[in-house]
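Here is what each chain is made of, one letter per residue.
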Amino acid sequence: MGSTRLNNSEGVKPFACTWDPFAASQRKQVHASRRIRSAAACATGAAFLGNPRASSSPRLPLFLPSSSSPVPPPLPILPTPNQYQSIRPAILLPSPSFVMARPRRCWDDLPEDLAALIASRLPFFPDAVRMSAMCRSWRAGALQGLPRPHPPQLPWLLLPYRRVCEHPRRGVRVARFFCVADFLARRFKLPMDTGGARFFGSYPGGWIFIARGQSSGHILLNAHSHDRVELPDTTLPTAILPGPGAVLIQHRSTSRDLGVILLAATLSSSPVPRANCVAAAIVALVTPGFPRRIVIWRIGSQRISCCYDAKVDLEDVVFYNGQFHFITSGGHLLLVEPVFEEDGPLEQLQGVIQYHRFRGARFEYSHIKGRYLAVSRGELLMVVRLSLADQKLTSTFRVFQADFADGQWNELYGLDGRMIFVGRGSSRCYEAEHFGGWEGVYYHDECFGDVDMIHGVQEARRKYPSSDNGIWSGPPDNILTFVYRALAPSLYSCPVWFYP
(Lines give C-alpha, C1' and ligand atoms only; values in the text may rest on other atoms or scores of the structure.)
Protein backbone atom coordinates (compact mmCIF):
# COMPACT_ATOMS: atom_id res chain seq x y z
CA MET A 1 0.00 0.00 0.00
CA GLY A 2 1.06 3.56 -0.50
CA SER A 3 -0.40 6.98 -0.14
CA THR A 4 -0.17 10.21 -2.05
CA ARG A 5 -1.35 13.73 -1.40
CA LEU A 6 -3.48 15.47 -4.02
CA ASN A 7 -3.00 18.97 -5.29
CA ASN A 8 -4.90 21.57 -3.27
CA SER A 9 -4.80 24.28 -5.91
CA GLU A 10 -8.58 24.17 -6.39
CA GLY A 11 -9.44 24.71 -2.72
CA VAL A 12 -10.50 21.13 -2.05
CA LYS A 13 -9.77 19.63 1.35
CA PRO A 14 -6.76 17.30 0.94
CA PHE A 15 -6.98 13.68 2.00
CA ALA A 16 -4.97 10.51 1.53
CA CYS A 17 -6.27 7.83 -0.85
CA THR A 18 -5.02 4.27 -0.86
CA TRP A 19 -4.01 2.53 -4.07
CA ASP A 20 -4.86 -1.15 -4.59
CA PRO A 21 -2.44 -2.76 -7.08
CA PHE A 22 -5.10 -5.39 -8.01
CA ALA A 23 -7.96 -2.93 -8.61
CA ALA A 24 -7.59 -2.94 -12.40
CA SER A 25 -7.66 -6.74 -12.73
CA GLN A 26 -10.55 -7.01 -10.28
CA ARG A 27 -12.57 -4.48 -12.25
CA LYS A 28 -12.03 -6.44 -15.46
CA GLN A 29 -13.20 -9.64 -13.80
CA VAL A 30 -16.35 -8.01 -12.45
CA HIS A 31 -17.13 -6.60 -15.88
CA ALA A 32 -16.55 -10.05 -17.37
CA SER A 33 -19.04 -11.55 -14.93
CA ARG A 34 -21.61 -8.98 -16.01
CA ARG A 35 -21.06 -9.93 -19.65
CA ILE A 36 -21.49 -13.59 -18.73
CA ARG A 37 -24.83 -12.92 -17.11
CA SER A 38 -25.95 -10.85 -20.12
CA ALA A 39 -24.91 -13.58 -22.55
CA ALA A 40 -26.72 -16.17 -20.46
CA ALA A 41 -29.84 -14.05 -20.63
CA CYS A 42 -29.48 -13.98 -24.43
CA ALA A 43 -29.11 -17.75 -24.51
CA THR A 44 -32.12 -18.38 -22.29
CA GLY A 45 -34.07 -15.96 -24.45
CA ALA A 46 -33.89 -18.56 -27.23
CA ALA A 47 -36.46 -20.58 -25.29
CA PHE A 48 -38.99 -17.87 -26.01
CA LEU A 49 -38.13 -18.15 -29.72
CA GLY A 50 -39.47 -21.69 -29.87
CA ASN A 51 -36.33 -23.79 -29.26
CA PRO A 52 -37.50 -26.76 -27.12
CA ARG A 53 -33.97 -27.98 -26.54
CA ALA A 54 -32.85 -24.60 -25.19
CA SER A 55 -35.78 -24.58 -22.75
CA SER A 56 -35.46 -28.17 -21.51
CA SER A 57 -31.81 -29.11 -21.91
CA PRO A 58 -29.90 -29.11 -18.59
CA ARG A 59 -26.56 -28.31 -20.24
CA LEU A 60 -26.47 -24.60 -20.93
CA PRO A 61 -22.90 -23.64 -21.76
CA LEU A 62 -23.41 -20.30 -20.04
CA PHE A 63 -24.20 -20.43 -16.31
CA LEU A 64 -26.23 -18.23 -13.99
CA PRO A 65 -25.40 -17.87 -10.27
CA SER A 66 -27.49 -20.31 -8.25
CA SER A 67 -28.57 -20.02 -4.63
CA SER A 68 -25.59 -22.14 -3.54
CA SER A 69 -22.98 -20.28 -5.55
CA PRO A 70 -21.37 -17.18 -4.05
CA VAL A 71 -22.96 -13.96 -5.25
CA PRO A 72 -20.87 -10.79 -5.28
CA PRO A 73 -21.98 -8.01 -2.98
CA PRO A 74 -23.14 -4.78 -4.62
CA LEU A 75 -20.49 -2.28 -5.56
CA PRO A 76 -20.19 0.85 -3.39
CA ILE A 77 -21.80 4.02 -4.69
CA LEU A 78 -19.10 6.26 -6.09
CA PRO A 79 -19.17 10.02 -5.53
CA THR A 80 -20.12 12.16 -8.46
CA PRO A 81 -17.44 14.32 -10.12
CA ASN A 82 -19.12 17.45 -8.74
CA GLN A 83 -18.50 16.29 -5.16
CA TYR A 84 -14.77 15.65 -5.30
CA GLN A 85 -13.83 17.06 -8.72
CA SER A 86 -10.44 15.53 -9.54
CA ILE A 87 -10.21 13.43 -6.38
CA ARG A 88 -10.30 9.66 -6.95
CA PRO A 89 -11.08 7.78 -3.72
CA ALA A 90 -10.08 4.20 -3.13
CA ILE A 91 -12.41 1.55 -4.62
CA LEU A 92 -12.53 -1.66 -2.62
CA LEU A 93 -13.80 -4.36 -4.97
CA PRO A 94 -14.94 -7.78 -3.78
CA SER A 95 -12.63 -10.74 -3.98
CA PRO A 96 -12.50 -12.34 -7.43
CA SER A 97 -12.88 -15.81 -5.96
CA PHE A 98 -16.49 -16.07 -7.15
CA VAL A 99 -15.26 -15.53 -10.71
CA MET A 100 -12.20 -17.74 -10.52
CA ALA A 101 -14.17 -20.61 -8.96
CA ARG A 102 -15.54 -21.52 -12.38
CA PRO A 103 -14.01 -21.30 -15.86
CA ARG A 104 -14.14 -17.80 -17.26
CA ARG A 105 -16.62 -17.48 -20.12
CA CYS A 106 -17.22 -14.63 -22.55
CA TRP A 107 -19.57 -13.57 -25.34
CA ASP A 108 -18.08 -16.04 -27.78
CA ASP A 109 -19.10 -18.97 -25.55
CA LEU A 110 -22.59 -18.87 -27.04
CA PRO A 111 -22.70 -22.04 -29.20
CA GLU A 112 -23.17 -21.65 -32.92
CA ASP A 113 -26.41 -23.66 -33.05
CA LEU A 114 -28.02 -21.36 -30.49
CA ALA A 115 -26.71 -18.26 -32.26
CA ALA A 116 -28.01 -19.70 -35.53
CA LEU A 117 -31.45 -20.16 -34.01
CA ILE A 118 -31.54 -16.54 -32.86
CA ALA A 119 -30.29 -15.32 -36.26
CA SER A 120 -33.00 -17.28 -38.07
CA ARG A 121 -35.67 -15.29 -36.21
CA LEU A 122 -34.28 -11.84 -37.04
CA PRO A 123 -36.71 -10.06 -39.39
CA PHE A 124 -34.47 -7.12 -40.33
CA PHE A 125 -31.07 -7.02 -41.96
CA PRO A 126 -29.64 -4.42 -39.48
CA ASP A 127 -30.22 -6.86 -36.62
CA ALA A 128 -28.22 -9.55 -38.42
CA VAL A 129 -25.42 -7.03 -39.07
CA ARG A 130 -25.25 -6.04 -35.41
CA MET A 131 -25.27 -9.68 -34.31
CA SER A 132 -22.50 -10.73 -36.70
CA ALA A 133 -20.37 -7.79 -35.51
CA MET A 134 -20.21 -9.04 -31.90
CA CYS A 135 -17.53 -11.73 -32.31
CA ARG A 136 -16.39 -14.51 -34.64
CA SER A 137 -18.57 -17.23 -33.17
CA TRP A 138 -21.67 -15.02 -33.35
CA ARG A 139 -20.81 -14.16 -36.93
CA ALA A 140 -20.51 -17.85 -37.80
CA GLY A 141 -23.82 -18.55 -36.08
CA ALA A 142 -25.48 -15.64 -37.90
CA LEU A 143 -24.25 -16.86 -41.29
CA GLN A 144 -25.38 -20.39 -40.45
CA GLY A 145 -28.76 -19.34 -39.11
CA LEU A 146 -29.84 -17.09 -41.95
CA PRO A 147 -32.06 -19.24 -44.19
CA ARG A 148 -31.11 -19.99 -47.78
CA PRO A 149 -32.28 -18.24 -49.79
CA HIS A 150 -32.32 -15.21 -47.55
CA PRO A 151 -35.76 -13.79 -46.79
CA PRO A 152 -36.48 -10.45 -48.48
CA GLN A 153 -35.09 -7.51 -46.56
CA LEU A 154 -36.36 -3.96 -46.57
CA PRO A 155 -34.13 -1.60 -48.56
CA TRP A 156 -31.95 1.06 -47.02
CA LEU A 157 -31.63 4.63 -48.23
CA LEU A 158 -28.10 5.40 -49.41
CA LEU A 159 -27.52 8.99 -48.30
CA PRO A 160 -24.93 11.27 -49.92
CA TYR A 161 -22.84 13.63 -47.82
CA ARG A 162 -22.88 17.38 -48.27
CA ARG A 163 -19.46 17.36 -49.92
CA VAL A 164 -16.73 14.87 -50.77
CA CYS A 165 -14.06 14.10 -48.17
CA GLU A 166 -10.79 14.29 -50.12
CA HIS A 167 -8.73 12.64 -47.36
CA PRO A 168 -10.96 10.25 -45.41
CA ARG A 169 -9.88 9.16 -41.97
CA ARG A 170 -7.58 6.11 -41.97
CA GLY A 171 -7.86 5.91 -45.75
CA VAL A 172 -11.36 4.40 -45.65
CA ARG A 173 -14.34 5.70 -47.62
CA VAL A 174 -17.54 5.45 -45.56
CA ALA A 175 -21.11 5.77 -46.83
CA ARG A 176 -24.28 6.39 -44.82
CA PHE A 177 -27.28 4.06 -45.04
CA PHE A 178 -30.64 4.99 -43.50
CA CYS A 179 -32.87 2.10 -42.45
CA VAL A 180 -36.63 2.66 -42.63
CA ALA A 181 -37.22 -0.25 -40.24
CA ASP A 182 -35.76 1.50 -37.18
CA PHE A 183 -35.12 5.04 -38.57
CA LEU A 184 -31.39 4.88 -37.82
CA ALA A 185 -28.43 5.75 -40.05
CA ARG A 186 -25.39 3.47 -40.24
CA ARG A 187 -22.02 3.67 -41.94
CA PHE A 188 -20.34 1.06 -44.10
CA LYS A 189 -17.09 0.95 -46.04
CA LEU A 190 -16.97 1.49 -49.78
CA PRO A 191 -14.02 1.53 -52.20
CA MET A 192 -11.92 4.67 -52.21
CA ASP A 193 -12.62 5.54 -55.86
CA THR A 194 -16.36 6.01 -55.14
CA GLY A 195 -15.79 9.39 -53.54
CA GLY A 196 -17.85 12.04 -55.34
CA ALA A 197 -19.62 9.42 -57.48
CA ARG A 198 -23.23 9.82 -58.63
CA PHE A 199 -25.70 7.07 -57.65
CA PHE A 200 -28.33 6.37 -60.31
CA GLY A 201 -29.92 3.07 -59.30
CA SER A 202 -29.57 -0.25 -57.50
CA TYR A 203 -30.43 -3.93 -57.75
CA PRO A 204 -31.18 -6.58 -55.08
CA GLY A 205 -28.13 -8.35 -53.71
CA GLY A 206 -26.23 -5.20 -52.71
CA TRP A 207 -25.59 -3.85 -56.24
CA ILE A 208 -25.37 -0.09 -56.85
CA PHE A 209 -25.18 1.74 -60.19
CA ILE A 210 -22.46 4.39 -59.87
CA ALA A 211 -21.00 7.04 -62.17
CA ARG A 212 -17.55 7.81 -60.79
CA GLY A 213 -17.08 10.79 -63.09
CA GLN A 214 -20.68 12.09 -62.81
CA SER A 215 -21.24 11.68 -66.58
CA SER A 216 -18.71 8.87 -67.20
CA GLY A 217 -16.98 6.01 -65.46
CA HIS A 218 -20.18 3.97 -65.03
CA ILE A 219 -19.84 0.79 -62.95
CA LEU A 220 -22.06 -1.70 -61.11
CA LEU A 221 -20.65 -2.07 -57.59
CA ASN A 222 -21.50 -4.66 -54.93
CA ALA A 223 -21.42 -2.96 -51.53
CA HIS A 224 -20.93 -6.26 -49.69
CA SER A 225 -18.02 -7.83 -51.59
CA HIS A 226 -16.79 -4.71 -53.45
CA ASP A 227 -16.99 -6.66 -56.72
CA ARG A 228 -17.59 -4.46 -59.72
CA VAL A 229 -18.76 -4.71 -63.30
CA GLU A 230 -17.65 -2.10 -65.80
CA LEU A 231 -20.50 -0.55 -67.78
CA PRO A 232 -20.24 1.01 -71.26
CA ASP A 233 -19.66 4.75 -71.65
CA THR A 234 -20.20 4.93 -75.42
CA THR A 235 -22.72 3.69 -77.96
CA LEU A 236 -23.34 3.37 -81.68
CA PRO A 237 -26.38 4.51 -83.64
CA THR A 238 -28.87 1.70 -84.22
CA ALA A 239 -30.97 0.81 -87.24
CA ILE A 240 -34.58 -0.44 -87.02
CA LEU A 241 -35.80 -3.21 -89.32
CA PRO A 242 -39.53 -3.21 -90.11
CA GLY A 243 -41.58 -6.29 -89.22
CA PRO A 244 -44.28 -7.58 -86.83
CA GLY A 245 -42.16 -6.24 -84.02
CA ALA A 246 -39.52 -3.65 -84.84
CA VAL A 247 -36.05 -5.20 -84.47
CA LEU A 248 -32.99 -3.26 -83.31
CA ILE A 249 -29.61 -4.15 -84.81
CA GLN A 250 -26.22 -2.50 -84.43
CA HIS A 251 -25.28 -0.26 -87.33
CA ARG A 252 -22.33 2.09 -87.65
CA SER A 253 -23.34 5.26 -89.45
CA THR A 254 -20.74 7.62 -87.96
CA SER A 255 -16.98 7.51 -87.72
CA ARG A 256 -16.90 7.81 -83.93
CA ASP A 257 -18.75 6.49 -80.92
CA LEU A 258 -21.13 8.71 -78.99
CA GLY A 259 -20.72 9.23 -75.26
CA VAL A 260 -23.70 8.40 -73.05
CA ILE A 261 -24.81 9.45 -69.56
CA LEU A 262 -26.72 6.69 -67.77
CA LEU A 263 -29.75 8.17 -65.97
CA ALA A 264 -31.68 5.03 -64.92
CA ALA A 265 -30.80 1.36 -65.35
CA THR A 266 -32.02 -2.10 -64.40
CA LEU A 267 -31.14 -5.75 -65.01
CA SER A 268 -32.98 -8.81 -66.24
CA SER A 269 -31.41 -10.99 -63.52
CA SER A 270 -28.56 -11.04 -61.04
CA PRO A 271 -25.25 -9.99 -62.65
CA VAL A 272 -23.54 -13.06 -61.16
CA PRO A 273 -23.20 -15.20 -63.23
CA ARG A 274 -23.05 -12.79 -66.14
CA ALA A 275 -23.83 -15.18 -69.01
CA ASN A 276 -27.54 -14.42 -69.45
CA CYS A 277 -27.87 -11.06 -67.69
CA VAL A 278 -29.07 -8.19 -69.89
CA ALA A 279 -29.05 -4.54 -68.82
CA ALA A 280 -31.36 -1.77 -70.06
CA ALA A 281 -31.05 1.92 -69.39
CA ILE A 282 -32.37 5.37 -70.17
CA VAL A 283 -29.41 7.47 -71.30
CA ALA A 284 -28.67 10.96 -72.53
CA LEU A 285 -26.30 11.31 -75.48
CA VAL A 286 -23.39 13.67 -74.98
CA THR A 287 -24.45 15.87 -77.89
CA PRO A 288 -26.17 19.28 -77.99
CA GLY A 289 -29.54 19.05 -76.31
CA PHE A 290 -28.71 15.73 -74.59
CA PRO A 291 -31.34 13.67 -76.46
CA ARG A 292 -32.73 10.65 -74.58
CA ARG A 293 -32.25 7.11 -75.85
CA ILE A 294 -33.08 3.51 -74.88
CA VAL A 295 -30.05 1.21 -74.72
CA ILE A 296 -29.63 -2.50 -73.97
CA TRP A 297 -26.51 -4.67 -73.67
CA ARG A 298 -25.32 -7.90 -72.07
CA ILE A 299 -23.47 -7.65 -68.76
CA GLY A 300 -19.78 -8.24 -69.41
CA SER A 301 -19.78 -6.46 -72.76
CA GLN A 302 -17.94 -3.15 -72.98
CA ARG A 303 -20.16 -1.86 -75.79
CA ILE A 304 -23.86 -1.06 -75.93
CA SER A 305 -25.53 -3.42 -78.39
CA CYS A 306 -28.72 -1.45 -79.25
CA CYS A 307 -29.57 2.22 -79.00
CA TYR A 308 -33.07 3.39 -79.90
CA ASP A 309 -34.61 6.85 -80.23
CA ALA A 310 -38.15 6.55 -78.87
CA LYS A 311 -38.91 10.20 -79.84
CA VAL A 312 -40.78 10.59 -76.53
CA ASP A 313 -39.73 11.47 -72.99
CA LEU A 314 -38.93 8.35 -70.97
CA GLU A 315 -39.28 8.27 -67.19
CA ASP A 316 -38.63 4.76 -65.85
CA VAL A 317 -37.80 1.15 -66.75
CA VAL A 318 -38.55 -2.25 -65.17
CA PHE A 319 -38.06 -5.87 -66.24
CA TYR A 320 -41.40 -7.71 -66.33
CA ASN A 321 -42.46 -10.97 -68.04
CA GLY A 322 -39.23 -11.35 -69.99
CA GLN A 323 -39.33 -7.78 -71.39
CA PHE A 324 -38.04 -4.37 -70.42
CA HIS A 325 -40.99 -2.00 -69.93
CA PHE A 326 -40.34 1.74 -70.38
CA ILE A 327 -42.92 4.30 -69.26
CA THR A 328 -43.28 7.52 -71.25
CA SER A 329 -44.30 10.95 -70.01
CA GLY A 330 -47.75 10.36 -71.50
CA GLY A 331 -48.31 7.14 -69.55
CA HIS A 332 -47.73 4.79 -72.49
CA LEU A 333 -45.51 1.71 -72.49
CA LEU A 334 -42.60 0.79 -74.73
CA LEU A 335 -41.61 -2.89 -74.51
CA VAL A 336 -38.17 -4.20 -75.52
CA GLU A 337 -37.54 -7.97 -75.58
CA PRO A 338 -33.85 -8.96 -75.68
CA VAL A 339 -32.98 -11.73 -78.13
CA PHE A 340 -29.57 -13.44 -78.12
CA GLU A 341 -27.83 -16.79 -78.26
CA GLU A 342 -26.48 -17.98 -74.94
CA ASP A 343 -23.30 -19.36 -76.50
CA GLY A 344 -22.82 -16.43 -78.86
CA PRO A 345 -20.59 -13.39 -78.35
CA LEU A 346 -21.76 -10.89 -75.75
CA GLU A 347 -21.98 -8.13 -78.35
CA GLN A 348 -24.55 -10.04 -80.44
CA LEU A 349 -27.83 -8.84 -78.98
CA GLN A 350 -31.05 -7.67 -80.63
CA GLY A 351 -34.16 -6.09 -79.21
CA VAL A 352 -37.77 -6.57 -80.36
CA ILE A 353 -39.79 -3.40 -79.74
CA GLN A 354 -43.52 -3.04 -79.15
CA TYR A 355 -45.46 0.12 -78.35
CA HIS A 356 -48.65 0.05 -76.23
CA ARG A 357 -50.89 3.05 -75.80
CA PHE A 358 -52.69 3.33 -72.47
CA ARG A 359 -55.54 5.51 -71.28
CA GLY A 360 -57.32 6.14 -68.00
CA ALA A 361 -54.72 8.10 -65.99
CA ARG A 362 -55.77 11.75 -65.77
CA PHE A 363 -54.39 14.39 -63.44
CA GLU A 364 -55.82 17.82 -62.76
CA TYR A 365 -54.64 20.66 -60.55
CA SER A 366 -51.39 18.84 -59.82
CA HIS A 367 -47.86 18.80 -61.15
CA ILE A 368 -46.44 15.38 -62.07
CA LYS A 369 -42.99 14.94 -60.53
CA GLY A 370 -42.45 11.47 -61.91
CA ARG A 371 -43.87 8.13 -63.03
CA TYR A 372 -42.51 4.83 -61.75
CA LEU A 373 -43.04 1.20 -62.74
CA ALA A 374 -43.13 -1.60 -60.16
CA VAL A 375 -44.14 -5.27 -60.15
CA SER A 376 -46.46 -6.41 -57.34
CA ARG A 377 -48.20 -9.79 -57.03
CA GLY A 378 -47.55 -10.60 -60.66
CA GLU A 379 -49.07 -7.33 -61.94
CA LEU A 380 -47.48 -4.20 -63.36
CA LEU A 381 -48.12 -1.00 -61.38
CA MET A 382 -47.60 2.64 -62.30
CA VAL A 383 -46.97 4.96 -59.35
CA VAL A 384 -47.41 8.66 -60.11
CA ARG A 385 -45.73 11.23 -57.89
CA LEU A 386 -47.56 14.55 -57.61
CA SER A 387 -46.94 17.95 -56.09
CA LEU A 388 -48.81 21.22 -55.95
CA ALA A 389 -48.06 23.65 -58.72
CA ASP A 390 -46.32 26.15 -56.45
CA GLN A 391 -44.36 23.64 -54.35
CA LYS A 392 -41.30 21.49 -54.95
CA LEU A 393 -42.03 18.91 -52.25
CA THR A 394 -44.14 15.84 -52.91
CA SER A 395 -47.80 16.23 -51.96
CA THR A 396 -49.38 12.85 -52.80
CA PHE A 397 -49.22 9.69 -54.94
CA ARG A 398 -51.63 7.75 -57.14
CA VAL A 399 -51.24 4.07 -57.94
CA PHE A 400 -52.54 2.35 -61.11
CA GLN A 401 -52.58 -1.24 -62.35
CA ALA A 402 -51.98 -2.08 -66.02
CA ASP A 403 -54.73 -3.79 -68.01
CA PHE A 404 -53.02 -4.90 -71.22
CA ALA A 405 -56.18 -6.41 -72.66
CA ASP A 406 -58.12 -3.12 -72.61
CA GLY A 407 -55.07 -0.86 -72.84
CA GLN A 408 -55.84 1.25 -69.79
CA TRP A 409 -54.64 2.06 -66.29
CA ASN A 410 -57.03 1.06 -63.48
CA GLU A 411 -56.55 3.15 -60.37
CA LEU A 412 -56.13 1.38 -57.02
CA TYR A 413 -57.96 3.17 -54.22
CA GLY A 414 -56.04 1.30 -51.53
CA LEU A 415 -52.58 -0.18 -51.20
CA ASP A 416 -53.99 -3.45 -49.78
CA GLY A 417 -50.97 -4.22 -47.60
CA ARG A 418 -48.29 -3.20 -50.11
CA MET A 419 -45.01 -1.50 -49.34
CA ILE A 420 -43.88 0.21 -52.56
CA PHE A 421 -40.36 1.65 -52.78
CA VAL A 422 -40.11 3.90 -55.83
CA GLY A 423 -36.94 4.94 -57.64
CA ARG A 424 -35.85 5.27 -61.26
CA GLY A 425 -35.06 1.75 -62.45
CA SER A 426 -35.08 0.37 -58.89
CA SER A 427 -38.71 0.25 -57.70
CA ARG A 428 -39.68 -2.79 -55.62
CA CYS A 429 -42.80 -3.97 -53.77
CA TYR A 430 -43.04 -5.90 -50.50
CA GLU A 431 -45.85 -7.33 -48.41
CA ALA A 432 -46.48 -5.27 -45.28
CA GLU A 433 -47.53 -8.32 -43.24
CA HIS A 434 -43.92 -9.56 -43.33
CA PHE A 435 -42.54 -6.33 -41.86
CA GLY A 436 -44.95 -5.16 -39.20
CA GLY A 437 -47.76 -3.80 -41.38
CA TRP A 438 -46.15 -0.52 -42.53
CA GLU A 439 -47.90 -0.20 -45.88
CA GLY A 440 -47.25 2.90 -47.96
CA VAL A 441 -45.22 4.40 -50.78
CA TYR A 442 -41.59 5.06 -49.82
CA TYR A 443 -39.79 7.66 -51.92
CA HIS A 444 -36.60 9.73 -52.04
CA ASP A 445 -35.45 12.94 -53.68
CA GLU A 446 -34.04 12.89 -57.20
CA CYS A 447 -32.87 14.98 -60.15
CA PHE A 448 -33.60 12.64 -63.03
CA GLY A 449 -34.08 15.27 -65.71
CA ASP A 450 -31.33 17.76 -64.87
CA VAL A 451 -28.69 16.53 -67.31
CA ASP A 452 -27.17 20.00 -67.66
CA MET A 453 -26.12 19.95 -64.00
CA ILE A 454 -24.77 16.40 -64.20
CA HIS A 455 -22.56 17.08 -67.22
CA GLY A 456 -21.88 20.77 -67.53
CA VAL A 457 -21.75 22.32 -64.05
CA GLN A 458 -18.64 22.51 -61.91
CA GLU A 459 -18.62 20.48 -58.71
CA ALA A 460 -18.83 23.48 -56.39
CA ARG A 461 -22.00 24.68 -58.15
CA ARG A 462 -23.90 21.40 -58.26
CA LYS A 463 -26.97 21.12 -56.08
CA TYR A 464 -28.40 17.62 -55.87
CA PRO A 465 -31.62 17.75 -53.81
CA SER A 466 -31.65 15.40 -50.82
CA SER A 467 -34.49 16.55 -48.56
CA ASP A 468 -37.73 15.23 -50.15
CA ASN A 469 -37.58 11.73 -48.63
CA GLY A 470 -40.61 10.22 -46.95
CA ILE A 471 -43.53 7.81 -46.72
CA TRP A 472 -47.02 8.25 -48.14
CA SER A 473 -49.56 6.25 -46.11
CA GLY A 474 -51.99 5.77 -48.99
CA PRO A 475 -55.73 6.39 -49.13
CA PRO A 476 -57.89 7.29 -47.34
CA ASP A 477 -55.54 9.04 -44.86
CA ASN A 478 -53.02 10.35 -47.44
CA ILE A 479 -50.48 11.21 -44.74
CA LEU A 480 -46.93 12.19 -45.68
CA THR A 481 -44.14 11.45 -43.20
CA PHE A 482 -40.63 12.73 -43.89
CA VAL A 483 -38.10 10.13 -42.82
CA TYR A 484 -34.91 12.07 -43.55
CA ARG A 485 -34.39 15.68 -44.55
CA ALA A 486 -30.93 16.95 -45.45
CA LEU A 487 -30.11 20.48 -44.37
CA ALA A 488 -28.37 21.32 -47.65
CA PRO A 489 -28.09 19.84 -51.16
CA SER A 490 -25.29 17.44 -52.00
CA LEU A 491 -22.51 18.32 -54.40
CA TYR A 492 -22.34 14.92 -56.11
CA SER A 493 -25.50 12.76 -55.82
CA CYS A 494 -29.11 12.28 -54.75
CA PRO A 495 -30.19 9.44 -52.43
CA VAL A 496 -31.00 6.01 -53.88
CA TRP A 497 -32.49 2.81 -52.48
CA PHE A 498 -30.04 0.07 -51.51
CA TYR A 499 -31.34 -3.51 -51.55
CA PRO A 500 -29.21 -5.72 -49.27
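Below is a short write-up of the structure. Quick caveat: nothing in here was measured; it's all calculated off a predicted structure.

**Details of empty space enclosed by the protein**
Any space left empty among the atoms is revealed by the rolling of a water-sized probe across them.
Working step 1: As enumerated under the stated definition, the model contains 2 cavities of 30 Å³ or more in all.
Working step 2: Quantified by volume, the largest cavity comes out at close to 210 Å³.
Working step 3: Around the largest cavity, the lining is made up of 19 residues, and of these Phe199, Phe200, Leu263, Glu446 and Cys447 lie nearest the centre.
Working step 4: Counting residues per element, the ones that place at least two in the lining of the largest cavity are β6 (198-203) and β30 (496-498).
Working step 5: Across the lining of the largest cavity, the residue classes break down as 11 nonpolar, 4 polar and 4 charged.

**Looking at the sheet that holds β30**
Working step 1: In spatial order, the strands read β5-β4-β3-β30; together these 4 strands make up an open sheet with antiparallel pairing. Edge positions in the open sheet fall to β5 (184-190) and β30, since each of these has one partner strand only. For this sheet, the mean inter-axis angle between neighbouring strands, taken without regard to orientation, is 40 degrees.
Working step 2: Inspection of the sheet shows strand β4 (residues 173-179) paired to β5 by 7 bridges, in the antiparallel sense. Note that in β5 the partner of arginine 176 across the bridge is arginine 187.

**Here we look at the packing of aromatic side chains**
Working step 1: Applying the stated criterion across every chain, the model contains 15 aromatic pairs.
Working step 2: On the numbers, 5.5 Å between centres and 35 degrees between planes, the contact of tryptophan 156 with phenylalanine 188 is tilted. Placement of the pair is tryptophan 156 in strand β3 (residues 156-159) and phenylalanine 188 in strand β5, with a sequence separation of 32 residues.
Working step 3: Judged by its relative accessible area of 2%, tryptophan 156 is buried.
Working step 4: In this structure an aromatic cluster arises from ring pairing among Trp156, Phe177, Phe188 and Phe498.

**Some words on the pairing of strand β26 (residues 428-431)**
In summary, the side chains of a regular strand alternate between the two faces of the sheet.
Working step 1: Here 4 bridges tie strand β25 (residues 418-421) to β26, and the two strands are oriented antiparallel to one another. When the bridges of β26 are listed, arginine 418 appears paired with glutamate 431.
Working step 2: A loop of 6 residues connects β25 with β26, the two strands running antiparallel in sequence, and glycine 425 in this loop sits at a positive phi of about 75 degrees.

**Focus on the sheet that holds strand β8 (residues 218-222)**
Working step 1: Overall, antiparallel pairing links the 4 strands, which are arranged β6-β7-β8-β9 in an open sheet. Lying at the two open borders of the sheet, with one neighbouring strand each, are β6 and β9 (228-230). The mean angle between the axes of side-by-side strands here comes to 25 degrees, regardless of whether they run parallel or antiparallel.

**A closer look at the environment of leucine 480**
Working step 1: Position of leucine 480 among the secondary structure elements: in strand β29 (residues 480-484).
Working step 2: Overall, leucine 480 belongs to the partly exposed group, its relative accessible area being 24%.
Working step 3: In the structure, leucine 480 is positioned 84 residues away from threonine 396 in sequence and 7.6 Å away in space, judged by C-alpha atoms.
Working step 4: Once residues lying within four places of it in the same chain are set aside, the contact partners of leucine 480 are Thr394, Ser395, Thr396, Tyr443, Ile471 and Trp472.

**Things to note about the pattern of salt bridges**
Working step 1: Within the structure shown, the criterion is met by 12 salt bridges.
Working step 2: Measuring nitrogen to oxygen at the nearest pair gives 3.3 Å for the salt bridge that ties aspartate 309 to arginine 293. Highlighted residues: aspartate 309 in the loop between β16 (306-308) and β17 (314-320) and arginine 293 in strand β15 (residues 292-298), separated in sequence by 16 residues.
Working step 3: Of the charged contacts in the structure, one is a salt bridge between lysine 311 and aspartate 309, with a shortest N-O distance of 3.5 Å.
Working step 4: Taken together, the shared-partner salt bridges in this structure form one network comprising Asp193, Arg212, Arg228 and Glu230.

**Observations regarding the side chain of arginine 176**
Working step 1: You can see arginine 176 is positioned in strand β4.
Working step 2: One buried charged side chain, arginine 176, makes no salt bridge at all; its nearest oppositely charged neighbour is aspartate 445, positioned 13 Å away.
Working step 3: Among the polar contacts listed, one links the side chain of arginine 176 to the side chain of tyrosine 484, at a separation of 3.3 Å.
Working step 4: Each residue touching arginine 176, except ones within four places of it in the same chain, is listed here: Leu157, Leu158, Leu159, Pro160, Tyr161, Arg186, Arg187 and Tyr484.

**Here we look at the environment of glutamine 350**
Working step 1: Its place among the elements puts glutamine 350 in strand β20 (residues 350-356).
Working step 2: Placed 12 residues apart in sequence, glutamine 350 and proline 338 show a C-alpha to C-alpha distance of 5.8 Å.

**Let's talk about the environment of aspartate 227**
Working step 1: With respect to the helices and strands, the residue aspartate 227 is situated in the loop between β8 and β9.
Working step 2: Non-local contacts of aspartate 227, meaning those with residues more than four positions away in its chain, are made with Trp207, Leu220, Leu221 and Asn222.
Working step 3: Here serine 225 takes part through its side chain, which lies 3.0 Å from a polar atom of the side chain of aspartate 227.

What counts as what
- Residues numbered from 1 in each chain as written.
- Predicted model: local features only at pLDDT ≥ 70, side-chain atom pairs only at ≥ 80, totals over all residues.
- Heavy atoms only, no water.
- 1 Å grid on protein atoms, 1.4 Å probe; cavity = no way out; pocket = protein on both sides within 12 Å on 5 of 7 lines; lining within 4 Å.
- Points joined across faces, edges and corners; volume = space filled by probe spheres on them.
- Helix = DSSP H or I, 4+ residues; strand = E, 2+ residues; numbered from the N terminus.
- Nonpolar A, V, L, I, M, F, W, Y, C, P; charged D, E, K, R; others polar.
- Pairing = 2+ DSSP bridges.
- Axes fitted to C-alpha atoms, helices over the stretch in contact; angles between N-to-C directions.
- Phe/Tyr/Trp six-rings, centres within 6.5 Å; stacked < 30°, edge-to-face > 60°.
- Buried < 20%, exposed > 50% of the residue type's maximum accessible area, 1.4 Å probe, protein only.
- Contact = heavy atoms within 4.5 Å.
- Salt bridge = Lys/Arg side-chain N within 4 Å of Asp/Glu carboxyl O.
- Lys, Arg positive; Asp, Glu negative; His and termini not counted.
- Polar contact = N/O pair within 3.5 Å; in protein donor to acceptor, adjacent residues only side chain to side chain.

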